[in-house]
Amino acid sequence: MSQLHSGGCHCGHIRYQFSGPLQDIAHCHCSICRKVSGGIVTTWITVPAANFQWLTGTPSRYDSSGSCARYFCPHCGAQLALVTQLSPESIDLTIATLDHPESAPAERHIWTDSQLPWLHLDEQLPGEPEETLQV
């Protein structure tokens, strides 16, 4: 039996679900995540696109780079997902939008070359100067 997880935006307009384990969770320190979220770090979970579906609402799309598209609620602005051409078979979801984010602790840091020098967060976790795709 597969684990089923759900989440959505702040206003409730967008809802999603995916099946599978809560793994491949990373704190992203890239400057793009900071700018689009307004936060100092964004924590993502990567899931197979085949295991994911939007349940209600249609998210808006923003192409934040030549290879990445981000999806957000057109009503409340909550950032929900990211799809990259570097890994088209998967989708990244923001941990903060899960119904139970407490169940999904980060396993690593990515884009540490962009990390703010005064931020100290989960320093015992391994870090990557850029992101390396998990296989």
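Everything here concerns the structure above.
None of these values were measured; they are calculated from a predicted model.

Give a detailed account of the pattern of salt bridges, specifying residues and quantitative values.
All chains considered together, the criterion is met by 4 salt bridges. The salt bridge partner of Arg15 is Asp99, with a shortest N-O separation of 2.7 Å. One end of the pair, Arg15, is in strand E2 (residues 15-19); the other, Asp99, is in the loop between strand E9 (90-94) and strand E10 (108-110), with 84 residues separating them in the sequence. Here Arg15 falls in the partly exposed class, since its relative accessible area comes to 25%. In this structure, Asp63 and Arg61 form a salt bridge, with 2.7 Å as the shortest nitrogen-oxygen distance.

Describe a nonpolar patch on the surface, naming the residues involved and giving the relevant values.
Taken together, Ile32, Val36 and Tyr62 make up a surface patch of nonpolar side chains, about 240 Å² in accessible area. Tracing the backbone shows Tyr62 in strand E6 (residues 60-63).

Run through the sheet that holds strand E5 (residues 52-56), naming residues and quoting values.
Remark on secondary structure: sheet strands pair via backbone hydrogen bonds, oriented parallel or antiparallel. Spatially, E1-E2-E5 is the arrangement adopted by the 3 strands of the open sheet, whose pairing is antiparallel. The outermost strands of the open sheet, each flanked by one partner alone, are strand E1 (4-8) and E5. Neighbour-to-neighbour, the strand axes of the sheet open up by a mean angle of 25 degrees, direction not taken into account. Judged from the 4 bridges that link them, E2 and E5 form a sheet pairing that is antiparallel. Its bridge partner lying in E5, Phe18 is registered against Phe52.

Describe in detail the side chain of Gln17, supporting the description with residues and values.
By secondary structure assignment, the location of Gln17 is in strand E2. In this structure Gln17 touches Leu4, His5, Ser6, Asn51, Phe52, Gln53 and Leu55, once residues within four positions along its chain are discounted.

Tell me about the sheet that holds strand E4 (residues 42-48), residues and numbers included.
Here 8 strands make up an open sheet; going across it, the order is E6-E7-E8-E9-E4-E3-E10-E11 and the pairing mixed. Pairing within the sheet leaves two strands with one partner each, and these edge strands are E6 and strand E11 (127-128). Note that strand E3 (residues 25-28) and E10 share 3 bridges and pair parallel. Across the sheet, residue Ala26 finds its bridge partner in E10, namely Arg108.

About the thresholds
Residues numbered from 1 in each chain as written. Predicted model: local features only at pLDDT ≥ 70, side-chain atom pairs only at ≥ 80, totals over all residues. Heavy atoms only, no water. Salt bridge = Lys/Arg side-chain N within 4 Å of Asp/Glu carboxyl O. Helix = DSSP H or I, 4+ residues; strand = E, 2+ residues; numbered from the N terminus. Buried < 20%, exposed > 50% of the residue type's maximum accessible area, 1.4 Å probe, protein only. Patch = residues over 30% accessible without salt bridge, like charges linked within 9 Å, V, L, I, M, F, W, Y side chains within 5 Å. Areas by Shrake-Rupley, 256 points an atom, 1.4 Å probe, with all protein chains shown as cover. Pairing = 2+ DSSP bridges. Axes fitted to C-alpha atoms, helices over the stretch in contact; angles between N-to-C directions. Contact = heavy atoms within 4.5 Å.

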